[in-house]
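# Descriptive analysis of the structure
Now for the letters of each chain:
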Amino acid sequence: MADHYQNHIHQQGGGDSYGTYGEGGGPDGYGYQADYPSQEEDAASDVTEGHDEEDQMYEGEYQGIPHPDEMKTAQRAARAKAQPAGSAVSDLEELSEQYEDIMEDCGHGKFQWTLFVVLGLALMADGVECFVVAFALPSAEKDLCLSNAEKGMLGLVVFLSMMVGAFLWGGLADKLGRRRCLMVALVINCVFAFLSSFAQGYGFFLFFRLLSGIGIGGTVPIVYTYFSEFLQMDKRGEHLSWLCMFWMIGGIYASFTAWGVIPRYGWGFSMGSEFQFHSWRVFVLVAALPAITSLVGLTFMPESPRFLLENAKHDEAWMILKQVHDTNWRAKGQPEKVFTVTHIKAPKTAEDELIEIQTATGTPVQRWAVRSLMLCKLVLRNVASLLSAELRFATLLMAIIWFCMAFSYYGLSVWFPDMIKHLQYEEYESKVKTFYREQVENFQFNFSLENQIHREGEYIRDKFIGIEMKSVKFEDSLFEDCLFEDIRSTDTMFENCTVRSTVFYNTDLWKEKFIDCRMENNTFEHNKHGCHLDTMDENDVLVYLVSFLGSLAVLPGNIISALFVEKIGRVRIIGGSMLISAGCSFILFLSFSQSAIIALQCLFCGVSAAAWNGIEVVTVELYPASKRATAFGVLNALCKLAAILGSSIFASFVGITKAIPILLSFTALVCGGLVALKLPDTRQKILQ
């Protein structure tokens, strides 16, 4: 291997397409000096001046503990020995080996932990986005007067926009850079989330949430790709799993802020009847804080050096790697350690040359058009390459696993709270009071009416003043010379009634609430406008509590997967967790109360978290750097498509049958778990 590499270096003067940084190379064929090299005068740094390294003695030497540098050398020798004898090593494989060695020398420390928090906040923003519309919708539907179809479209647009965003930003991140694309995506999310909080009409609100979702959809594929390229092999699985915890934190943050903000109606303001800013809009603004914080943090973070090397930007990559090295070793109290890399291989592809040639001439508009067209072609070509001979099998397996997991997870995540609401509604409906043929004359109703049915009643010269009507239905009844004043109603209607000479003053009893009624000589004055005046308790504490418990239940799964992903392997984590999740869903046949559903939701979310962590780690490790974000974006887009299908299909069976959703989720999870066992073990695989 060393001879092959030396020959390659010798040929570079003849026009090889691989550039280098610095000159010379170490005895192992890479641009390393020894771990403690003899520094020339012009290369010595201030921190090493006057420092006699030979007088230093490693403290573990007395106990026979190998020096960390000796362990690194042994690991590299073992990897070299693992190469089949006489096998040709490609240039990209050499780059991967060298990059892994560099990351080992840089160590894992302050730089990675800072990046961990910054990228974690971006992942947290993605978790919050999944809950924003669901928590705001009960209040927003009244503020915006939404129909059931419009509410369904708002729920659908969340996953639809994130699907588009994952595909778009994942592909662009492999061509334009991880940091650059992530920052643009977060800016789009923040801007349109802000605008959506002020939108007064359904159309604008839907449009702004669509664009906001397209922005945040790029976070997951870019975050995992970006962070993995700053991790050495033995730290990769564990720390990517810890990163997943931020998605859980996003769910907890959304639940707490919704619980604390939305019921506080006094936190809003209004400007006449045309502009209303209620508390749910404040929640939409607060929900954007993680994305804003992450965006600020990213301004201090560098681009992925692996991406820069893939795009032949040697100098920039070298400077960033030196920054990582120096930051970590200074924080560990060893500022004397010097970054000794002098030579880094980096390919310059024909695609880059083609863009340079085609964009060298023409007007600025023409150059922009050519660049955009070429960029689209390169992204689509990268997507198509995922089905090439060497990646086809891995892509097929991962697509099945992502789809099965997302279909079950998001389907049950919607089905669980919907079933709880349905059980509550059934319990509420069972307590309905029915009144037959009551005759009331000259009476003033000064108390609220709730959960009642009045049939064939007669109400003569009665007054309904300053009361609330909730879930009240009048059937085949007569109202004559009555007065309805200052009435607020929810789910209230009049069916087949006769209404004569009755005055409706300052009420929300519109004519649409009178179904097949005979209306004779009635007066409607100063009707209330705006659906937000309904009195339904749209902020049921149980809604927030269930979401909070479901998010918190993810914690044990995250911890277990992070601690054992390197010990028992990604494949067993994925397969085992999906099969256990299938068992959790099947238990629903045994018990079906509200408490049982909540308990099983927590168990299911906790076990599923381990599977998700393993899936995301394997996705990063299976694909080469030039296709990593693209592959993650495509698979994450497929995940969102499965989420749309799962949530729609499962929700359609609420109140009809529980057997079909349970069997669907069980089948999908078992299928995905068995397929996962066919995946290769990537624990000891260097990122390509």
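Our subject is the structure that appears above.
In what follows, the accompanying structure is described. These numbers were taken from a predicted model, which means no experiment stands behind them.

### Digging into the pairing of strand β15 (residues 483–490)
Where strand β12 (residues 463–465) lies against β15, three bridges are found, and the strand directions are parallel. In the strand pairing of β15, Lys 463 is matched with Leu 483. Strand direction decides the pairing type here: strand β13 (residues 468–475) and β15, joined by three bridges, are parallel. Following the sheet pairing, Met 469 is matched in β15 by Ser 489. As paired strands, β15 and strand β18 (residues 503–507) are joined by four bridges and run parallel to one another. By the bridge assignment for β18, Phe 484 is matched with Phe 504.

### Quick look at the packing of helix α17 (residues 392–429) against helix α23 (residues 659–676)
It is the contact of α17 with α23, at a shortest axis distance of 8 Å, that shows an interaxial angle of 150°. The orientation of α17 with respect to α23, classified from their angle, is roughly antiparallel. For the crossing formed where α17 meets α23, the hand is left-handed. Between α17 and α23, the residues in contact are Leu 397, Ile 400, Ile 401, Cys 404, Met 405, Phe 407, Ser 408, Leu 412 and Trp 415 and Pro 661, Ile 662, Leu 664, Ser 665, Ala 668, Leu 669, Cys 671, Gly 672, Val 675 and Ala 676, respectively. Considered class by class, the residues forming the contact of α17 with α23 number 16 nonpolar, three polar and no charged.

### What to know about the nonpolar core
In terms of nonpolar packing, the biggest core is built from 155 residues, with Leu 154, Tyr 224, Met 398, Ile 401, Tyr 410, Trp 612 and Leu 679 touching the most fellow members. Top element by residues in this core is helix α4 (residues 110–143). It accounts for 19 residues. Those residues in contact with Ile 401, other than ones at most four positions away along the chain, are Ile 574, Met 578, Ile 615, Gly 672, Val 675, Ala 676 and Leu 679. In terms of nonpolar packing, the next biggest core, distinct from the first, is built from 20 residues, Ile 467, Cys 482, Val 499 and Phe 514 among them.

### Side note on the side chain of Lys 627
Inspection of the secondary structure assignment puts Lys 627 in the loop between α21 (594–622) and α22 (628–651). Despite its burial, Lys 627 pairs with no opposite charge, the nearest such side chain being Glu 390 at 6.2 Å. With residues up to four places along the chain from it excluded, the contact list for Lys 627 reads Asp 174, Asn 382, Ser 385, Leu 386 and Leu 391.

### What about the sheet that holds strand β14 (residues 478–480)?
Reading across from one edge, β8-β11-β14-β17-β20 is the order of the five strands in this open sheet, with parallel pairing throughout. The open sheet has two edge strands, β8 (439–441) and β20 (518–520), and neither has a second partner. Shown here is a sheet whose adjacent strand axes are inclined to one another by a mean of 5°, direction ignored. In terms of strand pairing, β14 meets strand β17 (residues 498–500) through three bridges, oriented parallel. Bridge pairing links Leu 478 to Thr 498 in β17.

### Quick look at the side chain of Asp 326
Position of Asp 326 relative to the elements: it lies in helix α14 (residues 314–331). Classification of Asp 326 as buried rests on a relative accessible area of 12%.

### Considerations on the packing of aromatic side chains
Tallied over the full model, the rule gives 45 aromatic pairs. Ring centres 6.3 Å apart and planes at 80° place the aromatic pair Phe 514 and Phe 524 in the edge-to-face group. Note that Phe 514 is positioned in strand β19 (residues 514–515) and Phe 524 in strand β21 (residues 523–525), a separation of 10 residues in sequence. Overall, Phe 524 belongs to the partly exposed group, its relative accessible area being 23%. The ring of Trp 329 carries Lys 332 above its face, with NZ or CZ at 4.6 Å from the centroid. Note that Lys 337 overlies the ring of Trp 329, its terminal NZ or CZ placed 4.3 Å from the centroid.

### Structural notes on a nonpolar patch on the surface
A cluster of nonpolar side chains, namely Val 187, Val 191, Phe 194, Leu 195 and Phe 198, defines an oily patch on the protein surface of about 380 Å² accessible area. Its place among the elements puts Phe 194 in helix α6 (residues 178–198). By relative accessible area, Phe 194 is classed as partly exposed at 45%.

### Some thoughts on unusual backbone geometry
Within the chain, Asn 442 stands out as a residue other than glycine whose phi angle is a positive 50°. With respect to the helices and strands, Asn 442 occurs in the loop between β8 and β9 (444–445). Despite not being glycine, Asn 521 shows a phi value in the positive range, around 55°. Along the chain, Asn 521 falls in the loop between β20 and β21.

### What to know about the pattern of salt bridges
Scanning the entire structure with this criterion turns up 17 salt bridges. Between Arg 209 and Glu 129 there is a salt bridge, with the nearest N and O atoms lying 2.9 Å from each other. Highlighted residues: Arg 209 in helix α7 (residues 202–216) and Glu 129 in helix α4, separated in sequence by 80 residues. An identical accessibility class is assigned to Arg 209 and Glu 129; each is buried. With a closest N to O distance of 3.3 Å, Glu 495 and Lys 473 form a salt bridge. Of this pair, Glu 495 sits in strand β16 (residues 493–495) while Lys 473 sits in strand β13, and the two are 22 residues apart along the sequence. What makes Lys 473 partly exposed here is its relative accessible area of 25%. Members of the salt-bridge network, linked through shared partners, are Asp 174, Arg 178, Glu 229 and Arg 628.

Calculation notes
- Residues numbered from 1 in each chain as written.
- Predicted model: local features only at pLDDT ≥ 70, side-chain atom pairs only at ≥ 80, totals over all residues.
- Heavy atoms only, no water.
- Pairing = 2+ DSSP bridges.
- Helix = DSSP H or I, 4+ residues; strand = E, 2+ residues; numbered from the N terminus.
- Axes fitted to C-alpha atoms, helices over the stretch in contact; angles between N-to-C directions.
- Parallel < 35°, antiparallel > 145°, perpendicular 65-115°, else oblique.
- Left-handed = near helix turned anticlockwise from the far one by under 90°.
- Contact = heavy atoms within 4.5 Å.
- Nonpolar A, V, L, I, M, F, W, Y, C, P; charged D, E, K, R; others polar.
- Core = buried A, V, L, I, M, F, W, Y, C linked by side-chain atoms within 4.5 Å.
- Buried < 20%, exposed > 50% of the residue type's maximum accessible area, 1.4 Å probe, protein only.
- Lys, Arg positive; Asp, Glu negative; His and termini not counted.
- Salt bridge = Lys/Arg side-chain N within 4 Å of Asp/Glu carboxyl O.
- Phe/Tyr/Trp six-rings, centres within 6.5 Å; stacked < 30°, edge-to-face > 60°.
- Lys NZ or Arg CZ within 6 Å of the ring centre and 35° of its normal.
- Patch = residues over 30% accessible without salt bridge, like charges linked within 9 Å, V, L, I, M, F, W, Y side chains within 5 Å.
- Areas by Shrake-Rupley, 256 points an atom, 1.4 Å probe, with all protein chains shown as cover.

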